[in-house]
Amino acid sequence: MKNSSLLILILIALISCKSKTKAPVSDSVLQRTSVDTHSTLLQQFKPFIEGIWLTSDYITDLSRTKSPYISSKKLTGASALAINLDSTEKDSTIVGVSLNNHEGTSFTIFFKPGHRPNSLKTNWVDYKVRSNFYEIGYQIAGVDTSLVLYHYNKNNQVTDSVKYTRVLAKQVDNDMGYGISYITNKLLISGKYEMLDANGVTSKISFTNDGKVNGFPDCETYYVNTDFVAGPQNDLDQFSFNIGTQKQKDYLFKTNRDTLNIYNIDFSADSLHLKWGDLKYRLIRTK
């Protein structure tokens, strides 16, 4: 009887232990949970981070200086970002980058929660300090949404950050500098003008944000230079008609309130620097 009682107690103990042991979670369940998390984060972030983004410092500075050349110092590092969430991998998306407004590169955003409530992890590399890392997020102030690239150290502390302003909803071509050109045109050139020539004849001229011009004879497009990384002869504000064609015409320009002044180009004695030539066109904004 004693042996029978002992066997019964052992059996009860084994059954009790087995009932307390949780069944292992299958790989398919874990994978489904992960996919659901990525999908949820994608839907949360899409309205706030999709689009073409430009460093806010450049926009603010250009509005003040009216000079792409002077404000070009604000286009350092990842100066513009292109985020398209229409086609994404299950857990990530590729971000196009305009680097210093001169070269193109990219990094990946992962739909994994970052250290802040509205941020995501990335693989953007700090080449100077390998233990540092970056996350991307958004901030909402009233009706304005900003994109923010956070720079962390190995102790998970933010050392600095870059704020971006959305300038377009979509990237229209493969030129990562397009957003920079677009906002520069919009702030400095775009609009309707009247031009008075040497004979006293008035012409109606219009410029669009995307680089189209109407009213100038034999001119269909215009281009404002914003890339001043390479030289020589690249140290003043340049304005071109029909760039990249046989009809290309290059000038310099200045804006003064409602006046757009376009000048011929002269060169320094050593041909390394640009100089202001004679005034070629004066246009008065009408709208």
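Our structure's up above, just so we're on the same page.
All values derive from a computational prediction rather than experimental measurement. (Residues numbered from 1 in each chain as written. Predicted model: local features only at pLDDT ≥ 70, side-chain atom pairs only at ≥ 80, totals over all residues. Heavy atoms only, no water.)

Asks: Could you give me a rundown of the overall build of the protein, with the residues and numbers involved?
Replies: Check the secondary structure of the protein and you find five helices and 16 strands. For the protein, the residues scored as buried account for 39% of the 287 residues in total. Counting only contacts in the protein whose residues sit at least 6 apart along the sequence, the fraction spanning at least 24 positions is 43%. Accessible area of the protein: about 17,100 Å², with a carbon and sulfur share of 52%. (Helix = DSSP H or I, 4+ residues; strand = E, 2+ residues; numbered from the N terminus. Buried < 20%, exposed > 50% of the residue type's maximum accessible area, 1.4 Å probe, protein only. Contact = heavy atoms within 4.5 Å. Areas by Shrake-Rupley, 256 points an atom, 1.4 Å probe, with all protein chains shown as cover.)

Asks: Outline the side chain of Asn-261, listing residues and values.
Replies: With respect to the helices and strands, Asn-261 occurs in strand β15 (residues 259–267). Reaching out from Asn-261, the side chain makes a polar contact with the side chain of Arg-282 at a distance of 3.0 Å. Beyond its immediate stretch of four places on either side in the chain, Asn-261 contacts Leu-252, Phe-253, Lys-254, Leu-279, Tyr-281 and Arg-282. (Polar contact = N/O pair within 3.5 Å; in protein donor to acceptor, adjacent residues only side chain to side chain.)

Asks: Just give me the short version of the packing of aromatic side chains, but keep the residues and values in it.
Replies: All told, the structure shown has 19 aromatic pairs when counted by the stated rule. Between Tyr-251 and Tyr-281, the aromatic rings sit 5.9 Å apart at their centres with planes inclined by 75 degrees, giving edge-to-face as the arrangement. With Tyr-251 in strand β14 (residues 249–256) and Tyr-281 in strand β16 (residues 274–285), this residue pair connects regions lying 30 residues apart in the sequence. Residue Tyr-251 shares its accessibility class with Tyr-281, and that shared class is buried. Among the aromatic residues, those joined into a ring-pair cluster are Tyr-193, Phe-207, Phe-216, Tyr-222, Phe-239, Phe-241, Tyr-251, Phe-253 and Tyr-281. Over the ring of Trp-276 we find Lys-254; its NZ or CZ atom is 4.5 Å from the centre of that ring. (Phe/Tyr/Trp six-rings, centres within 6.5 Å; stacked < 30°, edge-to-face > 60°. Lys NZ or Arg CZ within 6 Å of the ring centre and 35° of its normal.)

Asks: Break down the sheet that holds strand β1 (residues 51–55) for me, with residues and values.
Replies: Read around the closed barrel, eight strands run β1-β2-β3-β4-β5-β6-β7-β8, paired in antiparallel fashion. With strand direction ignored, the average angle separating the axes of adjacent strands in the sheet is 35 degrees. Pairing between strand β7 (residues 144–152) and strand β8 (residues 158–168): seven bridges, direction antiparallel. Bridge pairing in β8 links Val-148 to Lys-163. Along the sheet, helix α3 (residues 56–65) makes contact with β1 and β8, crossing β1 at roughly 65 degrees. Helix α5 (residues 178–188) rests against β1, β2 (78–83), β3 (92–99) and β8 of the sheet, and its axis sits at about 65 degrees to β8. (Pairing = 2+ DSSP bridges. Axes fitted to C-alpha atoms, helices over the stretch in contact; angles between N-to-C directions.)

Asks: Before we move on, could you go through the pairing of β16 and cite the residues and values that matter?
Replies: Where strand β9 (residues 191–196) and β16 come together, three bridges link them in antiparallel fashion. When the bridges of β16 are listed, Met-195 appears paired with Leu-283. Hairpin remark: β15 followed by β16, antiparallel, with six residues in the connecting loop; positive phi at Ser-271, about 65 degrees.

Asks: I'd love a proper account of the pattern of salt bridges, names of residues and values included.
Replies: This structure, assessed with the given rule, holds eight salt bridges. Where Lys-46 meets Asp-86, a salt bridge forms, and the shortest distance between an N and an O atom there is 3.4 Å. Remark: Asp-86 occurs in the loop between β2 and β3 and Lys-46 occurs in helix α2 (residues 27–49); sequence separation between them is 40 residues. Classification of Lys-46 as partly exposed rests on a relative accessible area of 26%. With relative accessibility at 52%, the residue Asp-86 sits in the exposed group. Here Asp-210 ties to Lys-212 by a salt bridge, and the two come within 3.8 Å at their closest N and O atoms. Several salt bridges share partner residues, and in doing so they unite Lys-46, Glu-50, Asp-86 and Lys-170 into one network. (Salt bridge = Lys/Arg side-chain N within 4 Å of Asp/Glu carboxyl O.)

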